[in-house]
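Analysis of the macromolecular model
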Amino acid sequence: MQLTATAPTLEGQAPPAAATKIVLAGKLFDPYTLELLDNQAITICNDSGMILDVAPFPENGGNFASFDGEVIDLRHLTVLPGFVDTHVHFFLHPYAETSWEEQVTKESIVERTIRATVHAKRTLMAGFYGCTVPRVQGMQILRYASVYRALVPSYPARDIFVPQGQLRPLERMVRIFAGLSYMCFSISHIQLMRGTCLGPKSSLYLNKEGIDGVTGVDAADGTQECIKAVRRQIGAGADWIKVNESWFGLDLSVISVDAVPDYTVRSRASEVSRRVGAASMATFDYDELRAMICTAHAYGVKVAAHATNRSTIIPLMSLRVDSIEHAYDMTTPDTTAVEMFGEYVGHKTKYVPTLAAYYTMTQGKGDLWDRAASSFKAALELDLDNISCGGDTGVFAHGANALELSLMVRLGANWKKVLRWQLWAAGSDLKEDPRIVGDNEVPFGAVRRGFIADLIATPGNFAADFESAVSAESIQFVMKGWQDLQA
């Protein structure tokens, strides 16, 4: 509901200028205090989209006569900062529709690009729009960030900022922190790894990777090549550099090395021997990992590691990796997951469990899901709080990103903490105007003065029915900056 020429004059404050709008929130979630605050008036600058003030208003709505700007009345809803999904593949669609191998070797770049723009829109309207740190798997076309900016024009605002009322539909997208081609060694998956034989390969031409010459691979062997590859991707404009060091965060203005310590090097043999095809091997050695991570850190960027078990996670943590994604295999015959996760205590490394991907692939049944769930429960038992919500979205449907949050609550996590884990309210002291520093350099993930006004609202009751409250169907209001995207 929108009201015109109405808003309260808060006691002791001058009336807001006409260049502002006010959002009246019946309840407002604060990720710092984990509280739901009643009756909060959020004043937003129409020009920059920054939050100028957050203050309580009387239950009766107060006196609106002194304000001649726009008031958006959400007194019947709970307002939150826009959700953040820290592991998204916009260029993938659910494996239940088409297998990963088929997508990355048979679907054209044109088709995948069209799908990606639709996926970004669905993600945004589901409330995940302050959101993503995508790993755009299999798309070497993203080697040059300018190409991606052309595909999704909202990345970043410094390239496309336009005055209010002139925002084109394609520009209403998520805040994207894009990874370019993966880094790999010479027997490679589609990441920065060593070399060329892991895939994705055509089922017709066994030594041909990708489609239309697009593989998503940046091969590197040895420490010098690894350093060069990291620098090359940084120079190409990557926000994330993905290093595949284990097959199966986070700050703003980040480039990250995704390190995956082992890989199913003989996956081609799966059709005749599942055991051989599923066997993993280390990709990068310790010195190569150290070279990539130290190079990224030297440029002021952070490092994410795709790793599944303790033997690969511990060396990465010793190299001060910034996040571990997946980590579903944290038990051994002689050691419990709680004992394994004890290594996390005292570290700042983020744990991104990607529960939604494993749940979707297994329908919540079987050994793989049991291990992923047990690992997450072990983290909860240790009261681990350095957790981030990234579902590996793309394995399942875009727009269903909230599944990761729901699964965390199902497995015993406190819903208030889950809401905080999926936000980027990292205590940022940035108070910058996006027209000056760029859309991806403004603080978001909280509703406080100096943060960008990325807001969503739901009528749901988090305590009584968390899953319904965060579902895409319940998101009744979406604002990115100053723009009401559902208006």
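The present account deals with the structure reproduced in this document. (Residues numbered from 1 in each chain as written. Predicted model: local features only at pLDDT ≥ 70, side-chain atom pairs only at ≥ 80, totals over all residues. Heavy atoms only, no water.)

Some details on the overall build of the protein chain
Helix and strand content of the protein chain: 15 helices and 18 strands. In the protein chain, which comprises 487 residues, the share counted as buried stands at 59%. Entry remark: accessible area of the protein chain is about 18900 Å², with carbon and sulfur atoms responsible for 51%. (Helix = DSSP H or I, 4+ residues; strand = E, 2+ residues; numbered from the N terminus. Buried < 20%, exposed > 50% of the residue type's maximum accessible area, 1.4 Å probe, protein only. Areas by Shrake-Rupley, 256 points an atom, 1.4 Å probe, with all protein chains shown as cover.)

Quick look at the packing of helix H5 (residues 222–235) against helix H7 (residues 286–298)
Packing of H5 against H7 leaves a shortest axis separation of 8 Å and a crossing angle of 30°. When the axis of H5 is compared with that of H7, the two are roughly parallel. Between H5 and H7 lies a crossing of right-handed hand. Contacts from Gly222, Thr223, Cys226, Ile227, Val230 and Arg231 in H5 reach Asp287, Glu288, Ala291, Met292, Thr295 and Ala296 in H7. Class assignment for the residues of the contact of H5 with H7 results in six nonpolar, three polar and three charged. (Axes fitted to C-alpha atoms, helices over the stretch in contact; angles between N-to-C directions. Parallel < 35°, antiparallel > 145°, perpendicular 65-115°, else oblique. Left-handed = near helix turned anticlockwise from the far one by under 90°. Contact = heavy atoms within 4.5 Å. Nonpolar A, V, L, I, M, F, W, Y, C, P; charged D, E, K, R; others polar.)

Brief notes about a nonpolar patch on the surface
A cluster of nonpolar side chains, namely Val110, Ile114 and Val118, defines an oily patch on the protein surface of about 270 Å² accessible area. Relative to the helices and strands, Val118 resides in helix H2 (residues 109–125). (Patch = residues over 30% accessible without salt bridge, like charges linked within 9 Å, V, L, I, M, F, W, Y side chains within 5 Å. Salt bridge = Lys/Arg side-chain N within 4 Å of Asp/Glu carboxyl O.)

Overview of H7
Along its 13 residues, H7 runs 18 Å from first to last C-alpha, staying within 8% of the 18 Å computed at 1.5 Å per residue. Sitting at the amino-terminal end of H7 is Asp285, which places a side-chain oxygen 3.2 Å from the backbone nitrogen of Asp287. Residue Gly300 follows H7 closely and has a positive phi angle near 75°. (Expected span 1.5 Å × (residues − 1). Polar contact = N/O pair within 3.5 Å; in protein donor to acceptor, adjacent residues only side chain to side chain.)

What about the nonpolar core?
Of all hydrophobic cores here, the largest spans 70 residues; its most connected members are Ile324, Tyr351, Phe376, Met408 and Leu419. The element that contributes the greatest number of residues to this core is helix H11 (residues 367–381), accounting for six residues. Residue contacts for Leu419: discarding those within four places in its chain leaves Phe29, Leu80, Phe83, Phe462, Phe466 and Val470. Residues Ile42, Leu77, Leu455 and Met479 belong to the second largest nonpolar core, which totals 18 residues. (Core = buried A, V, L, I, M, F, W, Y, C linked by side-chain atoms within 4.5 Å.)

Let's talk about unusual backbone geometry
Only a minority of non-glycine residues have a phi that is not negative, and only a minority of peptide bonds are not trans. Positive phi outside glycine occurs at Ala327, with the angle close to 45°. Along the polypeptide, Ala327 turns up in strand E14 (residues 323–329). Positive phi outside glycine occurs at Asp383, with the angle close to 55°. The topology assignment puts Asp383 in the loop between H11 and helix H12 (403–410). Residue Asp383 is classed as exposed on the basis of its relative accessible area, which comes to 52%.

A short note on the pairing of strand E4 (residues 51–56)
Two elements, strand E3 (residues 35–45) and E4, share five bridges in a ladder whose sense is antiparallel. Looking at the pairing, Ile42 lines up with Val54 of E4. Counted between consecutive antiparallel strands, the loop separating E3 from E4 contains five residues, among which Gly49 sits at a positive phi close to 80°. (Pairing = 2+ DSSP bridges.)

So, helix H8 (residues 310–318)
What H8 keeps buried is the set Thr312, Ile313, Leu316 and Met317. Buried residues of H8 fall within an arc of 125° about the axis and therefore sit on the same side. Looking at the residues trailing H8, positive phi occurs at Arg320, about 65°. (Arc of directions from axis to C-beta.)

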